[in-house]
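Per-entry structural report
Residue strings, one per chain:
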Amino acid sequence: MKIFKSAEEFKNYTKNLGKSIGFVPTMGALHEGHMSLIKRAKEENDFCIVSIFVNPTQFLPGEDLSKYPRRLEADSKLCELAGVDALFLPTPEEMYEEDEPSIKAPNRAGYFLEGFVRPGHFDGVLTVVMKLLNISGASKAYFGQKDAQQLLLIKQMTKRYFMDVEIVECQIVREKEGLAMSSRNVYLDNEQKKASLSISKSLFAAGATIGAGELDCKKIEGKMREELKELDVEYIAFCNRQFKEIEKIELKNSIILVAARLGATRLIDNI
Ligand code: PAF
C-alpha cells in the first residue's frame, strides 16, 4: 500500500494510473462502517484509495476537533489488511491556506437539522470533499447513509458543479444491538452506550409503525418519543429525499432522522 502526504504527488499518481479508482474519504478512527465502504470500493473498481484527514473546517469553535479520535497507525494497518492500494494522509497545511475560496452549502438544505445545530459545518464538509475528489481522480466515491444530509449535499454539489464522479450511497452498518457505527461512539461510557440504543430502537419502532399502515408523521413521532424519553433529543425530523420536511410518509421516498445528546456526545441516526 502506497502512502501519500503531498496532494500534488498524490494527484499526479492517481492521474497516471489508467485504472478506475474507487475512493473512500474518511476522518479516520476506522470502524466496520468504513470497512464496508472500502470493501465495496474494491469490488467495484480496479484501484481503491482511502484518505484520512480530520478536517478542521467542518468543526465549529468549541466542538471536538482536538479530541476527535486519531489512530493513524491502527487505521493504516486496517487499510493495508483490507487491500487498500493507496492512502492519502494530508496535514491541514497541505489542504488549506489562509483566505482561500470555499464552497458554501445551500441556504436551506445546508442550514437546517445538522446545519442548524452546527451552522457552517456543511460549508467545511463540501469544501474538503471538493478538494479530496479533485485530488483523487476517482470515478466513484463511497459515503455512508448515516450522514444522510451530508450525503445529499455532496450528491447535489457533484451534480451542480458538473463533477465527473459518481457518489455511491452505502447502507448504515450497525452494532449487534442496533447502534449505528460511528467514530464518535468511542466517547460513550457503558451506561451511555446502553442508553444510546433507544435511538435505533425509536427508528425501528417508526419502521414498524409505518409497516402497520400509519403514515402520519406526528403519530409516528409520538411512538418514537416513547422510546426516546430518557434521552436529550435535539431533533426528530421527517423528510423526503430532497430533504424537504413532510407531514405524511411517502413510501420509498422518506427519511426519518434523529439527533440526540448523551453527555457531551452528539449522535445521529436515520432510517
Ligand atoms: O463523513 C466524514 O467522515 C467526513 O465528513 C468527510 C466526508 C470525510 C469529510 O471530512
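An account of the accompanying structure is given in this report. (Residues numbered from 1 in each chain as written. Predicted model: local features only at pLDDT ≥ 70, side-chain atom pairs only at ≥ 80, totals over all residues. Heavy atoms only, no water.)

**Quick word on the site of the ligand**
For the record, the criterion: Nearness here has a simple test: a residue counts as near a molecule or strand if at least one of its heavy atoms is within 4 Å of that partner. Polar contact is defined as a pair of N or O atoms within 3.5 Å, subject to the rule that within protein one atom must be able to donate a hydrogen and the other to accept it, and that residues adjacent in sequence are counted only when both atoms are side-chain atoms. Exposure was quantified through the Shrake-Rupley algorithm and a 1.4 Å probe, taking into account, for residues, occlusion by the shown protein chains and nothing else. Only DSSP runs of H or I reaching four residues or more are called helices, and only runs of E reaching two or more are called strands; each is numbered from the N terminus.
All residues adjacent to the ligand are Pro25, Thr26, Met27, Asn55, Gln58, Val128, Val129, Phe143, Asp147 and Gln150. Between the ligand and Gln58, the relevant distance is 2.6 Å, taken from an oxygen atom to a side-chain nitrogen or oxygen of the residue. In the environment of the ligand, an oxygen atom lies 2.8 Å from a nitrogen or oxygen atom belonging to the side chain of Gln150. When isolated, the ligand has an accessible area of 290 Å², and the protein chains bury 88% of it. When contributions to the shell around the ligand are tallied by element, the ones reaching two or more residues are strand E2 (21–26) and helix H6 (121–136).

**Observations regarding the packing of aromatic side chains**
Cut-off, in case you're wondering: Aromatic pairs are defined between Phe, Tyr and Trp rings, using the six-membered ring for Trp, whenever the two ring centres lie within 6.5 Å; interplanar angles under 30 degrees are classed as stacked, those over 60 as edge-to-face, and all others as tilted. Distance and angle both matter: a charge sits over a ring if NZ of Lys or CZ of Arg is within 6 Å of the ring centre and within 35 degrees of the ring normal.
Evaluated as defined, the whole model comprises seven aromatic pairs. Above the face of the Tyr187 ring, Lys67 is positioned so that its terminal group lies 4.3 Å from the ring centre. Directly above the ring of Phe112 sits Arg108, whose terminal nitrogen or CZ lies 5.8 Å from the centroid.

**A few points about the pattern of salt bridges**
Worth spelling out the cut-off: By convention in these notes, a salt bridge is any Lys or Arg side-chain nitrogen within 4 Å of a carboxyl oxygen on Asp or Glu. Here's how the labels work: a residue is buried when its accessible area is under 20% of the maximum for its type, exposed when over 50%, partly exposed in between, all with a 1.4 Å probe on protein chains only.
What the rule picks out here adds up to 14 salt bridges. In this structure, Glu114 and Arg266 form a salt bridge, with 2.7 Å as the shortest nitrogen-oxygen distance. Of this pair, Glu114 sits in helix H5 (residues 114–117) while Arg266 is found in strand E9 (residues 265–270), placing the two residues 152 residues apart along the sequence. A relative accessible area of 5% places Glu114 in the buried class. The partner of Lys146 in a salt bridge is Asp147, and the shortest N-O contact between them spans 4.0 Å.

**Considering empty space enclosed by the protein**
Condition: Two kinds of site are reported from a 1 Å grid over the protein atoms alone, namely cavities, where a 1.4 Å probe fits but cannot get out, and pockets, open sets with protein on both sides within 12 Å along at least five of seven lines, and residues are called lining when an atom falls within 4 Å of a point. Grid points are joined across faces, edges and corners, and a volume is the space filled by probe spheres set on the points.
For the structure shown, the criterion picks out one cavity of 30 Å³ or more. Looking at the largest cavity, its volume works out to about 60 Å³. Lining of the largest cavity is provided by Lys146, Gly178, Leu179, Ala180, Ser182, Asn185, Ile199, Ser200, Leu267, Ile268 and Asp269. Going through the elements one at a time, helix H8 (190–211) and E9 are the ones with two or more residues in the lining of the largest cavity.

**Regarding helix H9 (residues 217–227)**
We apply this condition: As used here, the arc is the angular range of directions from the helix axis to the C-beta atoms. Throughout, a residue-residue contact means that at least one pair of heavy atoms, one from each residue, lies within 4.5 Å.
Those residues of H9 that sit buried are Cys217, Ile220, Glu221 and Met224. All buried residues of H9 lie within an arc of 100 degrees about the axis, which places them on one face of the element. Projecting away from the buried face of H9 at angles above 90 degrees are the exposed residues Lys218, Lys219 and Glu226. Here the buried face of H9 lies against H8, strand E7 (232–240) and strand E8 (254–262).

**A short note on helix H2 (residues 32–44)**
Just so we agree on the cut-off: An expected span of 1.5 Å times one less than the residue number is assigned to each helix.
With 13 residues, H2 extends 18 Å from end C-alpha to end C-alpha; this agrees with the ideal 18 Å at 1.5 Å per step. Taken as a whole, H2 has its buried residues at Gly33, His34, Leu37, Ile38 and Ala41. Around the axis of H2, the buried residues are gathered within 140 degrees of arc, so they sit on the same side. Of the residues in H2, the exposed ones pointing more than 90 degrees away from the buried face are Glu32, Lys39 and Glu43. The secondary structure elements touched by the buried residues of H2 are E2, strand E3 (47–52), helix H3 (72–82), strand E5 (140–144) and strand E6 (166–170).

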